[in-house]
Amino acid sequence: MEKVKIAILGFGNVGTGVWKILKENKKEIMKRSNYEIEVAKILVKDINKKRDIAISKEILTDNIDDIINDESIKIVVELIGGRGEAKQYMIRAMKAKKHIVTANKLVIANWSDELFKIAEEEKVLFYYEASVAGGIPIIREINESLTANRIQQIIGIINGTTNYILSKMTNDGIGFEEALKEAQEKGYAEADPTSDVDGYDAVYKLAIMASLSFGTKINHDAIYREGIRSISSLDIEYAKKFGYTIKLLAIAKEENSKLELRVHPTLIPSNHPMANVNDVFNAIMIKGNAVGELMLYGRGAGDLPTGSAVVGDIISILRNNVKPADISEVSEESNFKEIKKPEENEAEFYIRLNVKDRAGVLGDTAKIFGENNVSIISMTQDVSREDDVPLAFITHKSTEKNIRNSLEKIKSLENVNRVESIIRIESFN
Ligand code: NDP
Ligand code: HSE
């Protein structure tokens, strides 16, 4: 059987996962790819670092030139993460006629045009399945299985770290800080958890999925983003009382050729399957105009699940040698679609105020909502305190503009201490 040499850039979580899969499933991979895959070089930052996997010093290198200049290496698997070096190394590898597999959503969401253009020019293949939702084969699903459809909607839980934190807050009754600490101890959240907790990771992933699904290049800066830092135990408790569970959702919808794109904490009905996606698991619901609704569920992170997507891409390159879907193809001027401004979006809302329990506070608040065309479905008030009382509402569908206008006025009422939370509701209609 013919041998093919590959190089892996990065031997951390995902890099070691890829190594383990190539070893453990060697026979199956040979059979399916028709090649014997040899990892010729692995790029790391610190060549002397103590590693859990015993690996020959000859394979490890801290010099990218050892890989770029080795003509026998045909595929480069980028798993170092980050932006600058990862992008530059991929460009250099393509210019040296090597195919690329990457799990780097940050680079794809920012520079897919440039990278795919170089891949085209150099006649090499560029695969990125693991960049969205780890082990869930969502890119292939959109690009291959669902190509007969016009995709109308994607709703996903696509960040494992935040889903772990919210699951712990919901199921174990702990606060955000404690849940974050647990996520860090378990190695899910980074020491600097900003990208996950503040929603950037989900925004990058949504930009990739939406670009491919709606046939238009989406700038991730245009996606509305809110993270989960402000979610309190009280919101979790009130959401439960109203029959909802709080999840960080990534939402993309197309209506009348306009796109709605947002990542934010969301109340979802507790009996919906998405409400039962717990811990680090991910799930993505897609609605196509032919297939209807379908849902993919699985591990969105971790060494082996992510490695599974990466090795799948390596095998695809060896097997098909066909060009995978390319975001740059959808980025021509004629394909641009308008993205709705956040204030134009409509949703039902959960709103929690902190008020003084005085006659008229509820009436005054309800009057302002009414004057701004915001209709209330239900409300609940905690009567155990007098001057510091949570008062929570669920509204009918309203525009964000009407909600904001109401709350501006409600804030200035004498007996309203604070507006504590405004969280959108997704009813999956
Ligand atoms: P890790 O931090 O665990 O590993 C990074 C690896 O890259 C380390 O081996 C490190 O070397 C090496 N490295 C980092 N910077 C450089 C550099 N400048 N030059 C050479 N080597 C470098 O990252 P992960 O494995 O978690 O993530 C890799 C990629 O996969 C990222 O793009 C991430 O977003 C993506 N991803 C990760 C998932 C996960 O579950 N972790 C899931 C889906 C995607 P050394 O070992 O010497 O420190
Ligand atoms: N940090 C990501 C998450 C994993 O928590 O889902 C990599 O995509």
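Residues numbered from 1 in each chain as written. Chains lettered and ligands numbered in written order. Predicted model: local features only at pLDDT ≥ 70, side-chain atom pairs only at ≥ 80, totals over all residues. Heavy atoms only, no water.

Note the following rule: UniProt positions are given in the numbering used here, feature names are shortened, and annotations may be inferred rather than shown by experiment.
As annotated in an unreviewed UniProt entry, the protein chain carries the name Homoserine dehydrogenase and is attributed to Clostridium tagluense. Per UniProt, the protein chain has the following entry under Catalytic activity (unreviewed entry): "L-homoserine + NADP(+) = L-aspartate 4-semialdehyde + NADPH + H(+)". A UniProt comment under Sequence similarities (unreviewed entry) is attached to the protein chain, and it reads "Belongs to the homoserine dehydrogenase family."

**Brief notes about the packing of helix α7 (residues 160–171) against helix α8 (residues 176–185)**
Axes are the key here: two packed helices are described by the angle between their axes and the distance separating the axes. Stated precisely, the cut-off is as follows: Between N-to-C directions, angles cover 0 to 180 degrees, with each direction set by a line fitted to C-alpha atoms, over the stretch in contact for helices. Segments assigned H or I by DSSP are reported as helices when at least four residues long, segments assigned E as strands when at least two residues long, and all are numbered from the N terminus. Each angle is binned into one of four classes, with values under 35 degrees roughly parallel, values over 145 roughly antiparallel, values of 65 to 115 roughly perpendicular, and all other values oblique. Two helices cross in a left-handed way if the nearer one is turned anticlockwise from the farther one by less than a right angle. They cross in a right-handed way if the turn is clockwise. In what follows, a contact means two residues having at least one pair of non-hydrogen atoms within 4.5 Å. Residues were grouped as follows: Ala, Val, Leu, Ile, Met, Phe, Trp, Tyr, Cys and Pro as nonpolar; Asp, Glu, Lys and Arg as charged; and all remaining residues, including Gly, as polar.
Where α7 contacts α8, the two axes come as close as 9 Å, and the packing angle between them is 130°. In terms of orientation, α7 lies oblique with respect to α8. You can see that α7 and α8 cross each other, and the crossing is right-handed. Between α7 and α8, the residues in contact are Tyr164, Ile165, Lys168 and Met169 and Phe176, Ala179, Leu180, Glu182 and Ala183, respectively. By residue class, the composition of the contact of α7 with α8 is 7 nonpolar, no polar and 2 charged.

**Topic: the site of ligand 1**
Selection criterion: Neighbouring residues are identified by heavy atoms, a residue being near a molecule or strand if any of them is within 4 Å of it. Here a polar contact is taken to be a pair of N or O atoms separated by no more than 3.5 Å, where protein atoms must pair a possible hydrogen donor with a possible acceptor and residues adjacent in sequence count only if both atoms sit in side chains. Accessibility throughout is a Shrake-Rupley quantity obtained with a 1.4 Å probe, and a residue counts as covered only by protein chains that appear here.
By nearness alone, 22 residues border ligand 1, and Phe11, Lys49, Arg51, Glu85 and Gly302 come closest of all. Within the backbone of Asn13, a nitrogen or oxygen atom sits 2.9 Å from an oxygen atom of ligand 1. In the environment of ligand 1, an oxygen atom lies 2.8 Å from a nitrogen or oxygen atom belonging to the side chain of Lys49. Compared with its free state, where it exposes 900 Å², ligand 1 has 79% of that area covered by protein. Residue classes in the shell around ligand 1 are distributed as 9 nonpolar, 7 polar and 6 charged.

**Digging into α7**
Every α-helical turn comprises 3.6 residues, leaving residues that sit three or four positions apart pointing alike. As a reminder, the rule being used: An expected span of 1.5 Å times one less than the residue number is assigned to each helix. For each residue, the accessible area found with a 1.4 Å probe, counting protein chains only, is set against the maximum for its type, and the residue is called buried under 20%, exposed over 50%, and partly exposed in between.
Across its 12 residues, α7 extends 16 Å between first and last C-alpha, which sits within 8% of the 16 Å expected from 1.5 Å per residue. Buried residues dominate α7, accounting for 11 of its 12 residues. Where α7 is buried, its residues touch β7 (151–157), α8, α9 (194–197), α11 (233–241), β9 (244–255) and β11 (281–288). At the N-terminal end of α7, a side-chain oxygen is found 3.3 Å from the backbone nitrogen of Thr161, two or three residues along, and the residue is Asn159. Phi turns positive one or two residues past the end of α7, at Gly173, with a value near 70°.

**Overview of the UniProt feature "binding site: NADPH" (unreviewed entry) in the protein chain**
Using the residue numbers shown here, the UniProt feature "binding site: NADPH" (unreviewed entry) corresponds to Lys105. Mapping Lys105 onto the fold places it in helix α5 (residues 105–122). Exposure remark for Lys105: the relative accessible area of 25% places this residue in the partly exposed category.

**Notes on the sheet that holds strand β2 (residues 36–43)**
Note the threshold: Paired strands, as defined in this entry, are two strands with at least two bridges between them according to DSSP.
On the basis of which strands lie adjacent, the open sheet formed by 6 strands has the order β3-β2-β1-β4-β5-β6 and parallel pairing. Two strands in the sheet have a free side with no partner beyond their single neighbour: β3 (60–61) and β6 (126–127). As paired strands, strand β4 (residues 73–78) and strand β5 (residues 99–102) are joined by 4 bridges and run parallel to one another. Within β5, the position partnered with Ile75 by the bridge is His99. Of the strands in this sheet, β1 (3–9) and β2 touch helix α1 (residues 13–24), which is tilted by about 155° from β2.

**Observations concerning the domain arrangement of the protein chain**
Short version of the rule: By convention here, the domain bounds are inherited from an automatic or database domain assignment. Put simply, buried area is how much 1.4 Å-probe accessible surface two parts lose in total, over both of them, once they are put together. Put simply, a salt bridge is a Lys or Arg side-chain nitrogen that is within 4 Å of an Asp or Glu carboxyl oxygen.
For the protein chain, the assigned domains are domain 1 (3–133), domain 2 (150–299) and domain 3 (343–425). Distance between the C-alpha centres of domain 1 and domain 2: 29 Å. Each partner contributes to the interface: domain 1 provides 12 residues, whereas domain 2 provides 11 residues. The junction of domain 1 with domain 2 conceals about 1,000 Å² of combined surface from both sides, 65% of it contributed by carbon and sulfur atoms. On inspection of domain 1 and its partner domain 2, the count reaches 1 salt bridge. Among the ionic pairs, Asp201 bridges to Lys105, the shortest N-O distance being 3.0 Å. Counting the contacts that link domain 1 with domain 2 gives 2 residue pairs in polar contact (both at pLDDT 80 or more).

**Focus: the site of ligand 2**
With respect to spatial proximity, the complete set of residues near ligand 2 consists of Lys105, Asn159, Gly160, Thr161, Asp196, Asp201, Lys205 and Ala301. One nitrogen or oxygen atom from the side chain of Thr161 is found 2.6 Å from an oxygen atom belonging to ligand 2. One nitrogen or oxygen atom from the side chain of Asp196 is found 2.9 Å from a nitrogen atom belonging to ligand 2. Surface burial for ligand 2 is 79%, taken as the share of its 260 Å² of free accessible area covered by protein chains.

**Some remarks on the packing of aromatic side chains**
Note the cut-off: Between 30 and 60 degrees the pair is tilted, below 30 it is stacked and above 60 it is edge-to-face, where a pair is any two Phe, Tyr or Trp rings, Trp via its six-membered ring, whose centres lie within 6.5 Å. Geometrically, a lysine NZ or arginine CZ counts as sitting over a ring once it is within 6 Å of the ring centre and also within 35 degrees of the ring normal.
What the rule picks out here adds up to 6 aromatic pairs. Taking the centre distance of 5.3 Å and the plane angle of 70° together, the rings of Phe369 and Phe393 count as edge-to-face. Of this pair, Phe369 sits in helix α13 (residues 361–371) while Phe393 sits in strand β16 (residues 389–395); the two residues are 24 residues apart in sequence, bridging distant segments of the chain. We note that Phe369, like Phe393, is buried. Among the aromatic side chains, those forming a connected cluster through ring pairs are Phe116, Phe126 and Tyr128. Directly above the aromatic system of Tyr200 lies the positively charged group of Arg225, at a separation of 3.9 Å from the ring centroid. The ring centre of Tyr238 lies 4.6 Å from the NZ or CZ of Lys241, which sits over that ring.

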